[in-house]
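This is what each chain is made of:
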Amino acid sequence: MKNIVYGLTAVLTSDEAAHAVLDYAAALAHAGLADTVAVPTIDAFGSATTTSFLLAPALGLLVEDAADDPLGPDTAAFVEEISWRARAVRCTPPPES
């Protein structure tokens, strides 16, 4: 499990989801783009929830290790979609000036 730290808040999600969000944020920053993502997370009470993030070049994002949670969210579909978005951003030519 990983915490995604955004501003003063940390949210718990799977390792795969956290790394996919970080990879997508890097791709967006490199392209000078922004997007929002709704990440499957676990709240402070252990319930599955969704946390939305704005990913933009000037906004910092940190991923840190967290204790494993056997009730972690199912993030397979999310990881597939975000990985696809990151590949699409990387394959899109930059806009002409």
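Quick notes on the rules
Residues numbered from 1 in each chain as written. Predicted model: local features only at pLDDT ≥ 70, side-chain atom pairs only at ≥ 80, totals over all residues. Heavy atoms only, no water. Helix = DSSP H or I, 4+ residues; strand = E, 2+ residues; numbered from the N terminus. Expected span 1.5 Å × (residues − 1). Buried < 20%, exposed > 50% of the residue type's maximum accessible area, 1.4 Å probe, protein only. Arc of directions from axis to C-beta. Contact = heavy atoms within 4.5 Å. Axes fitted to C-alpha atoms, helices over the stretch in contact; angles between N-to-C directions. Parallel < 35°, antiparallel > 145°, perpendicular 65-115°, else oblique. Left-handed = near helix turned anticlockwise from the far one by under 90°. Nonpolar A, V, L, I, M, F, W, Y, C, P; charged D, E, K, R; others polar. Pairing = 2+ DSSP bridges. Core = buried A, V, L, I, M, F, W, Y, C linked by side-chain atoms within 4.5 Å.

Enquirer: Sorry, what's going on with helix H2 (residues 76-91) here?
Expert: Because an α-helix packs 3.6 residues into every turn, residues spaced three or four apart end up facing the same way. Its 16 residues give H2 an end-to-end C-alpha distance of 23 Å, which sits within 8% of 22 Å, the value for a rise of 1.5 Å per residue. When H2 is considered as a whole, its buried residues turn out to be Phe 78, Val 79, Ile 82, Arg 85, Ala 86 and Val 89. Buried residues of H2, viewed axially, fall in a sector of 130°; they line one side. Away from the buried face of H2 by more than 90 degrees, exposed residues Ala 76, Ala 77, Glu 80, Trp 84 and Cys 91 are located. Along its buried surface, H2 packs onto helix H1 (15-31) and strand S3 (35-42).

Enquirer: What should I look at first to understand the packing of H1 against H2 in this one?
Expert: For any two helices packed against each other, one specifies the crossing angle of their axes together with the interaxial distance. Taken N-terminus to C-terminus, the directions of H1 and H2 make an angle of 20°; their axes are 9 Å apart at the nearest point. As judged from the angle between their axes, H1 and H2 are roughly parallel. You can see that H1 and H2 cross each other, and the crossing is left-handed. Residue-level contacts link Glu 16, Ala 17, Ala 20, Val 21, Asp 23, Tyr 24, Ala 27, Leu 28 and Ala 31 of H1 to Phe 78, Val 79, Ile 82, Ser 83, Arg 85, Ala 86, Val 89 and Arg 90 of H2. In terms of residue class, the contact of H1 with H2 is made up of twelve nonpolar, one polar and four charged.

Enquirer: Is there a simple way to think about the pairing of strand S4 (residues 48-55) in this case?
Expert: It is a general feature of regular strands that their side chains alternate between the two faces of the sheet. As judged from the eight bridges shared by S3 and S4, these two strands associate in the antiparallel manner. Paired with Asp 35 across the bridge in S4 is Leu 55. The turn joining S3 and S4, which pair antiparallel and follow one another in sequence, is formed by five residues; a positive phi near 90° is taken by Gly 46.

Enquirer: Help me understand the nonpolar core in this model?
Expert: One recurring pattern in soluble globular proteins: nonpolar side chains tend to sit buried together. Counting 20 residues, the largest nonpolar core has Ile 4, Tyr 24, Val 37, Phe 53, Leu 55 and Phe 78 as the members making the most contacts within it. Of all the elements in the fold, those that place two or more residues in this core are H1, S3, S4 and H2. Among the elements that line this core, the one with the most residues is H1, at eight residues. Beyond its immediate chain neighbours, meaning those up to four positions away, Val 37 contacts Tyr 24, Thr 51, Ser 52, Phe 53, Leu 55, Phe 78, Ile 82 and Arg 85.

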